[in-house]
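Each chain is listed here by its residues.
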Amino acid sequence: MEFTLLFLAVAIVMLVAWRGSRPLALGLFAAVLIACVATYLHHATDTLKLSF
Amino acid sequence: MTQARAITLNALGLYAVALVLMAAFAAQFILRELPCPLCLLQRILFAALAVGPILNIRFGPRPSHYAMSLLAAVAGAVASTRQVLLHILPGDAGYGSALLGYHYYTWALIGFIAAIILIAAVMLFDRQFEDDGAVLPPTGGPLAQIAVWLVIALTAANVVTTLLECGFGACADNPVVYELLK
């Protein structure tokens, strides 16, 4: 579910970058990037058997 | 490099991102290989790479826009490096099938590193950041507009396919079926 939300968030950032204000796009992009890093760190701290 | 040329280069960058996202879809639908969570994260970061060029096309080239793409590319390189390292031991067959001898996550790592190098190279040209007085086409012209909407459409398509694959819970570690279609 978190990956669906991240894709949705990136799509929204793209639309804001194309149609909305620049500061809002910059702020949303920062939030999405932080969420991506948090998701990565969450998975990186799991015990892994495969690519996940 | 003039502003107009930089905007054309940014539009070409968007087509490159679109090509990567389409190649990922091709592997998913033609080879019937569902992307793992780390693979999805790499796709998301490829899509995030496109935000900088979209801003460059709309507001004109700025170092901060390139910096956004650089940050996304570095994060993507970290994620794909981790997946390469997970399968680096001798005897490990890797995840998914290989294309020209490399798995998709290895190609992703090459792609992110190439993006970092290319963005840094484009940023070397300072004249693109100065107002040269040229009358630029509104929102970059047709080539750029098609590129922007293509990348947005592919990202939106990924929202749908990821929802079908993962459902409303956590994504499977080794997905083999679409959760919402079984």
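Parameters and conventions
- Residues numbered from 1 in each chain as written.
- Chains lettered and ligands numbered in written order.
- Predicted model: local features only at pLDDT ≥ 70, side-chain atom pairs only at ≥ 80, totals over all residues.
- Helix = DSSP H or I, 4+ residues; strand = E, 2+ residues; numbered from the N terminus.
- Buried ≥ 20, exposed ≤ 12 C-beta atoms within 10 Å, placed from the backbone.
- Contact = placed C-beta atoms within 7 Å.
- Core = buried A, V, L, I, M, F, W, Y, C linked by C-beta atoms within 7 Å.
- Expected span 1.5 Å × (residues − 1).
- Arc of directions from axis to C-beta.
- pLDDT = per-residue confidence, 0-100.
- Nonpolar A, V, L, I, M, F, W, Y, C, P; charged D, E, K, R; others polar.

1. Focus on the overall build of chain B
And then number 1: Broken down by element type, chain B carries six helices and two strands.
And then number 2: When the helices and strands of chain B are read in sequence order from the N terminus, they spell out α-α-α-α-β-β-α-α.
And then number 3: Considered along the principal axes of its C-alpha atoms, chain B spans approximately 55 × 35 × 25 Å.
And then number 4: By residue count, 41% of the 182 residues in chain B fall in the buried class.
And then number 5: Looking at chain B alone, contacts between residues at least 24 apart form 76% of all its contacts between residues at least 6 apart.

2. So, the nonpolar core
And then number 1: Ranked by size, the top nonpolar core spans 66 residues in total, and within it Val10 and Val13 of chain A together with Ile44 of chain B carry the most contacts.
And then number 2: Of all the elements in the fold, those that place two or more residues in this core are helix 1 (2-19) and helix 2 (22-44) of chain A together with helix 1 (3-29), helix 2 (37-49), helix 3 (51-59), helix 4 (63-86), helix 5 (104-123) and helix 6 (142-166) of chain B.

3. Some points on helix 5 of chain B
All names here are of chain B.
And then number 1: Between its terminal C-alpha atoms helix 5 stretches 28 Å, which fits the 28 Å expected from 20 residues at 1.5 Å a residue.
And then number 2: What helix 5 keeps buried is the set Tyr104, Tyr105, Ala108, Leu109, Gly111, Phe112, Ala115 and Ile119. One face of helix 5 carries all of its buried residues, which in axial projection span an arc of 165°. Structural note: helix 5 exposes Ala114, Ile117, Ala120 and Ala121 on the side pointing more than 90 degrees away from its buried face.
And then number 3: Check the buried side of helix 5 and you find it contacts helix 1, helix 2, helix 4, strand 1 (98-99) and strand 2 (102-103).

4. Thoughts on the confidence of the model for chain B
Low pLDDT marks stretches whose predicted atomic positions should not be read closely.
All names here are of chain B.
And then number 1: Across chain B, the average pLDDT comes to 91, with 100% of residues at 70 or higher.
And then number 2: In the model of chain B, strand 1 stands out as the element of lowest mean pLDDT, 81, in contrast to helix 5, which has the highest, 96.
And then number 3: Our summary of model confidence lists the complex with pTM equal to 0.92 and ipTM equal to 0.91.

5. Some details on the interface of chain A and chain B
And then number 1: Contacts between chain A and chain B engage 28 residues on the former and 41 residues on the latter.
And then number 2: Of all the secondary-structure elements, those providing two or more residues to the side of chain A that touches chain B are helix 1 and helix 2 of chain A.
And then number 3: Of all the elements, helix 1 of chain A adds the most residues to the side of chain A that touches chain B, at 12 residues.
And then number 4: Of the residues in the side of chain A that touches chain B, the class split is 23 nonpolar, four polar and one charged.

6. Details of unusual backbone geometry
Residue and element names in this part refer to chain B.
And then number 1: Positive phi, normally seen in glycine, also occurs at Arg32, with a value near 55°.
And then number 2: For Arg32, the position within the fold is in the loop between helix 1 and helix 2.
And then number 3: Given 8 C-beta atoms within 10 Å, Arg32 falls into the exposed group.
And then number 4: Although it is not a glycine, Leu100 adopts a positive phi angle of roughly 55°.
And then number 5: Looking at the element boundaries, Leu100 is found in the loop between strand 1 and strand 2.
And then number 6: The class for Leu100 is exposed, based on 5 C-beta atoms found within 10 Å.

7. Things to note about the environment of Ser64 of chain B
All names here are of chain B.
And then number 1: Here Ser64 shows up in helix 4.
And then number 2: Assessed through the 12 C-beta atoms surrounding it within 10 Å, Ser64 is described here as exposed.
And then number 3: Residues Ser64 and Gly52 lie 12 residues apart in sequence; the distance between their C-alpha atoms is 8.2 Å.

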